[in-house]
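An overview of the molecular structure
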Amino acid sequence: MEIRQLECIDDIPADQWNRLAGDANPFLRHEFLAALEHNGCVGESYGWLPRHLIAVDDQSRPVGAMPLYAKDNSYGEFVFDWAWADAYQRAGMRYYPKLVCAVPYTPATGARLLVAPGDPDADAVRRFLSSQARDYARRTGVSSLHWLFPDADDTASLAEQGLLLRLGCQFHWENAGYRDFDDFLERFNAQKRKKVRRERKRVHEAGVELEVVHGHEASDEQWRTAHHYYHSTFEKKWGYPTLNLGFFREIGRTMGEQVVLVFAYHDGRPVAGAINLRGRDTLYGRHWGCDAQFHSLHFEACYYQGIDYCIRTGLRRFEPGAQGEHKISRGFLPTRTWSAHWIADARFRQAIGDFLQRETQAMEQYMEELAEHAPYKAAPAGE
């Protein structure tokens, strides 16, 4: 095998990339990554410079890939390393630039060492990709290389190769074969079940109506509305909205049913909306916004509509995004997420490794305590 580097995702045909990425995770699709690049959502302006790696066999056929970016900041990663950057600066060293293997602005677990499903040499390809990525990091003199939100296979491969692992926590919902939303609520204890029903009832009594629209069904007006809600939320939270209307229009056109929009209407006009994407068996909640305040509308649009959608369509899991302990009482359980880290400087590698050991112990304890607050009569087994 040999490695090739691409500074534009369009330098590899979509079918070749997607054969490696598979259909489990929509954010790894060529269409999603290309839409980010086509519409200027990554690049010099935001400090996400594409440096994708492609492993090819002796016949120049792609057998592995890594979505890789050079970064001069830590924005949009959701694995927080600002304290590491500060420590480098205080030591008179530069933490940036660094390399990040991730999907920009997307805290969703998925493959990071992409190998075609069923490839008998998958383990060898994963080791080759990560080894070549570290070689590239050394040649370019970056401080570090980070794999964010890798799936179980990639996490195990990276751990075997001596990478530092960092444990995180999100809150995910699992479909236990529920017949409908009421069947799901029957698994709750009485107090929690009553609370969820009251929240949904309040939205209904306020005269708010919900509509689910797939990407290829959405009108241009609806895309403008969805983008408006995305943009407004970042403005309210003092964030920076990196995804533009052109990006949303493009994924609506190229990803079709993989984009799932939820709109809330009151008196015939839109008042809120949520943006989700779906993979083979999982729904991913990503963005939300509103123009008017209605009691419990956030929970309805972002959580209950998603759960209902998963039950109706047979999806196995719902990942509604990063953070949010309030999700537990609504049926989402604490779930482990991972990142893997290569640190060039031996002294900082030792210091960060020591920190991660202590942080992991604290995170495990935190997750155990959270699990005790699950609303289920008998909580489903977590991961």
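Structural notes, computed from the coordinates. Along each chain, residues carry numbers from 1 onward, in the same order as the chain's sequence is written. At least 70 in pLDDT is required for a residue's local features to be given in this predicted model, at least 80 for side-chain atom pairs to be given and counted, and no such filter applies to totals for whole chains, interfaces and linings, which use all residues. Hydrogens and water are ignored here; the side-chain numbers use all heavy atoms of the structure.

**What about the sheet that holds strand S14 (residues 317–319)?**
- Read across the sheet, 11 strands follow the order S2-S5-S6-S8-S15-S9-S14-S13-S12-S11-S10 without closing on themselves; strand pairing throughout is mixed. Each of the sheet's edge strands pairs with one partner strand only, and the pair in question is strand S2 (48–50) and strand S10 (208–214). In this sheet, adjacent strand axes meet at a mean angle of 30° when their direction is disregarded. Strands are labelled as partners when DSSP assigns at least two bridges between them. For helices the rule is a DSSP run of H or I covering at least 4 residues; for strands it is a run of E covering at least 2, with both sets numbered from the N terminus onward. Working convention: axes come from line fits to C-alpha atoms, limited for helices to the stretch in contact. Angles between N-to-C directions cover 0 to 180 degrees.

**Section: the environment of Arg61**
- For Arg61, the position within the fold is in the loop between strand S3 (52–56) and strand S4 (62–66).
- With a relative accessible area of 45%, Arg61 lands in the partly exposed category.
- Here the alpha-carbon distance between Arg61 and Trp338, two residues 277 residues apart in the chain, equals 30 Å.
- Every residue in contact with Arg61, bar those within four places of it in the chain, is listed here: Ala55 and Val56. Throughout, exposure labels follow a simple rule: accessible area from a 1.4 Å probe, protein chains only, divided by the maximum for the residue type, with under 20% read as buried, over 50% as exposed, and the rest as partly exposed. Every residue pair with non-hydrogen atoms within 4.5 Å of one another is taken to be in contact.

**Overview of the packing of helix H4 (residues 122–140) against helix H5 (residues 152–160)**
- Relative to each other, H4 and H5 sit at 60°, their axes nearing to 10 Å. Our classification of the angle between H4 and H5 gives oblique. Two packed elements cross with a definite hand, and for H4 against H5 that hand is right-handed. Residues Arg126, Arg127 and Ser130 of H4 lie in contact with H5, whose contacting residues are Asp153, Asp154, Ser157 and Leu158.
- As a working rule, the residues Ala, Val, Leu, Ile, Met, Phe, Trp, Tyr, Cys and Pro are called nonpolar, Asp, Glu, Lys and Arg charged, and the rest polar, with Gly in that last group. Along the lines of polarity and charge, the residues of the contact of H4 with H5 split into one nonpolar, two polar and four charged. To sort the angles, those under 35 degrees are grouped as roughly parallel, those over 145 as roughly antiparallel, those from 65 to 115 as roughly perpendicular, and the leftovers as oblique. In a left-handed crossing the near helix is turned counterclockwise from the far helix by less than a right angle, and in a right-handed crossing that turn is clockwise.

**Quick look at the packing of aromatic side chains**
- Any pair of Phe, Tyr and Trp rings, taking the six-membered ring for Trp, is counted once the centres come within 6.5 Å. Such a pair is stacked with planes under 30 degrees apart, edge-to-face with planes over 60 apart, and tilted for the rest. Scanning the entire structure with this criterion turns up 26 aromatic pairs.
- Relative to Phe247, the ring of Phe32 lies with its centre 5.4 Å away and its plane at 85°, an arrangement referred to as edge-to-face. Within this pair, whereas Phe32 is found in helix H2 (residues 30–38), its partner Phe247 is found in helix H9 (residues 245–255), the two being separated by 215 residues in sequence. For the pair Phe32 and Phe247, one class covers both residues: buried.
- Measuring from ring centre to ring centre gives 6.2 Å for Phe299 and Tyr303, while their planes differ by 20°; the resulting arrangement is stacked. With Phe299 and Tyr303 both in helix H10 (residues 297–313) and four residues apart, the pair spans about one turn of that helix.
- Tyr303 sits in the buried class, given a relative accessible area of 4%.
- Chaining the aromatic ring pairs together yields one cluster made of Phe27, Phe32, Trp223, Tyr230, Phe234, Phe247, Phe248 and Tyr284.
- Consider the ring centre and the ring normal. A charge sits over the ring if Lys NZ or Arg CZ is within 6 Å of that centre and within 35 degrees of that normal. The ring of Trp48 has Lys71 sitting right over it, with the charged end atom 3.8 Å from the ring centre.

That is the geometry; function is a separate question.
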